[in-house]
Amino acid sequence: MKLQRKNRLRALSLGAVAVSSALALTACGSDDTGADPGTGDGASTQAGNIKCDDAQGQLLADGSSAQKNAMDAWVKQFSAACKVQINYKAGGSGAGVTAFTQGQVAFAGSDSALKPEEVTASKEQCEGGQGINLPMVGGPIAVGYKLSGVDNLVLDADTLAKIFDSQITKWNDPAIAKLNPDAKLPATKIQAFHRSDESGTTDNFTKYLKEAAPDVWGKYEGGKAWEAKGGQSAPQSSGVTAQVKQTEGAIGYMELSYAKEGMNTVDLDTGAGTPVEATIDNASKAIAAAKQVGTGKDLALELDYATKAEGAYPIVLVTYEIVCDKGNKADTLPATKALLRYMASEDGQKILAENDYAPMPQEIIAKVRTTVEGLS
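The rules behind the values
Residues numbered from 1 in each chain as written. Predicted model: local features only at pLDDT ≥ 70, side-chain atom pairs only at ≥ 80, totals over all residues. Heavy atoms only, no water. Helix = DSSP H or I, 4+ residues; strand = E, 2+ residues; numbered from the N terminus. Contact = heavy atoms within 4.5 Å. Polar contact = N/O pair within 3.5 Å; in protein donor to acceptor, adjacent residues only side chain to side chain. Core = buried A, V, L, I, M, F, W, Y, C linked by side-chain atoms within 4.5 Å. Buried < 20%, exposed > 50% of the residue type's maximum accessible area, 1.4 Å probe, protein only. Pairing = 2+ DSSP bridges. Right-handed = clockwise from strand over helix to strand, strands pointing away. pLDDT = per-residue confidence, 0-100. Phe/Tyr/Trp six-rings, centres within 6.5 Å; stacked < 30°, edge-to-face > 60°.

Chemist: Help me get a handle on the environment of Ser110, residues and values and all.
Modeler: Here Ser110 lies in strand S3 (residues 107-110). Distance in space between the C-alpha atoms of Ser110 and Asp62 is 9.0 Å, their sequence separation being 48 residues. With residues near it in sequence (within four places) discarded, Ser110 still touches Ser64, Ser93, Val97, Lys224, Val318, Thr319, Tyr320 and Ile322. At a separation of 2.6 Å, a polar atom in the side chain of Ser110 contacts the main-chain carbonyl oxygen of Ser112.

Okay, structure coming up:
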């Protein structure tokens, strides 16, 4: 079955991350004991490498649900080393940015870089400074589906856009059949699920549709809020995942870390020689080609969602940690710096690959580390 093949390939892709000279990822250490990130010798080793400095008390953060599984692993390690209670709410990128610009959290996670008006709003909370984007987590946005008897499914951007725009409503539609000549496609109604909350995952998914299928999706402006008519919605990545898993004929978008056991994912016909699977390695190939568009300490990136490069999976996202470059609150600054320092470290980035995320390329994460040390 394709699911079994995907699991094998996913395991192989973890190894590929570690040896890929083209990407030079920071997670290339070979000291992985195979222990669970939060238990056993692996946890002891990681905790011993974490520099706590004066970190103490409580730290409140909110935002991207895409990185929640990574945050859970990071927090477990960090809390084992430092006496800090961390509450990451994972209410979605939109909620996180709003909470940050209103001064309710020490930092926020967002799958989209701050907009100019959000940077302006952040200056009210960052005394003498402003909010900046620190790329910390990468990975593919998988398109998961549940369709009995169909374990291998290929879609291209136009067909995917028409499905989510309610233009294609049956699984045996000629456009889908043409891309899957060997599949026995039923006449089952397509149940397309999108995010109900403002989401950076939605923003990145629709950026892909807009760039790769402009004739279909070009009428929409894009952004964190879902715009297309029809379909069904659910909150956060966990909500969309749950709905797809339990609904026959369902399709939805979520991070690879959510599309684990029990779910098949779509391979994308990008125009390359062969369809591209949603794996860490394939996503990393796309992220490594990103351009830095942020200035100064801001490290916002521009992704190429319409890439046709061999083996590059184009529906990717980068989660940013949003923090003040200057003017962070004195009572939370030590803990914020210590946590971000660990997240950007080799040990911290190594955890990403273990949890179906893509570590940041070396050139990018090196800049993040330097910027974290300069936070004030």
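Chemist: Describe the nonpolar core, listing the residues and the values that go with them.
Modeler: Grouped together as the largest cluster of nonpolar side chains are 113 residues, with contacts concentrated most on Trp74, Phe78, Leu160, Phe164, Phe205 and Ile251. Setting aside chain neighbours within four positions, we find Phe205 in contact with Ile141, Val143, Leu160, Phe164, Trp226, Tyr253 and Ile315.

Chemist: Outline the pairing of strand S2 (residues 84-88), listing residues and values.
Modeler: Going residue by residue along S2, you find Val84, Ile86 and Tyr88 tucked away on one face and Gln85 and Asn87 left uncovered on the opposite face. Pairing analysis gives 5 bridges linking strand S1 (residues 57-63) to S2, with the strands arranged parallel. Across the sheet, Ala61 pairs through a bridge with Tyr88, a residue of S2. Tracing the backbone out of S1, into helix H3 (residues 68-81) and back to the parallel element S2 gives a crossover that is right-handed.

Chemist: I'd like to hear about the environment of Thr101, residue by residue, with values.
Modeler: Relative to the helices and strands, Thr101 is located in helix H4 (residues 93-101). Distance in space between the C-alpha atoms of Thr101 and Gln125 is 6.5 Å, their sequence separation being 24 residues. Beyond its immediate chain neighbours, meaning those up to four positions away, Thr101 contacts Glu118, Ala121, Ser122 and Gln125.

Chemist: Hey, could you go over the confidence of the model for the chain for me, with residue numbers and the actual values?
Modeler: For the chain, per-residue confidence averages 88 on the pLDDT scale, and residues scoring 70 or more make up 87% of the total. Counting contacts from residues 1-44, a segment whose pLDDT is below 50, to residues more than four positions away or on other chains yields 77 contacts.

Chemist: Before we move on, could you go through the side chain of Asp298 and cite the residues and values that matter?
Modeler: When you line up the elements, Asp298 lands in the loop between strand S11 (291-292) and strand S12 (301-302). Residues within four places of Asp298 in sequence aside, it is in contact with Ile132, Asn133 and Gln292.

Chemist: If you had to explain unusual backbone geometry to someone new, which residues and values would you point to?
Modeler: The backbone of Ala90 shows a phi angle near 55°, a positive value even though the residue is not glycine. Its location among the elements puts Ala90 in the loop between S2 and H4. Judged by its relative accessible area of 6%, Ala90 is buried. Non-glycine residue Gln236 carries a positive phi angle of around 60°.

Chemist: Quick rundown of the packing of aromatic side chains? Include the residues and the values.
Modeler: A complete count under the given rule lists 8 aromatic pairs for this structure. Here the aromatic rings of Phe164 and Phe205 are separated by 5.1 Å at their centres, their planes lie at 75°, and the arrangement is edge-to-face. A residue pair is termed long-range when its members are at least 10 positions apart, and Phe164 in helix H6 (residues 157-164) and Phe205 in helix H8 (residues 200-212) qualify at 41 residues. Residue Phe205 is classed as buried on the basis of its relative accessible area, which comes to 0%. Seen from their ring centres, Trp226 and Tyr253 are 5.8 Å apart, and the 20° between their planes marks the pair as stacked. Linking Trp226 in the loop between helix H9 (214-217) and strand S7 (232-234) with Tyr253 in strand S8 (residues 250-255), this pair joins segments that are 27 residues apart in sequence. For Trp226, a relative accessible area of 15% puts it in the buried group. Its relative accessible area of 0% is what places Tyr253 among the buried residues.

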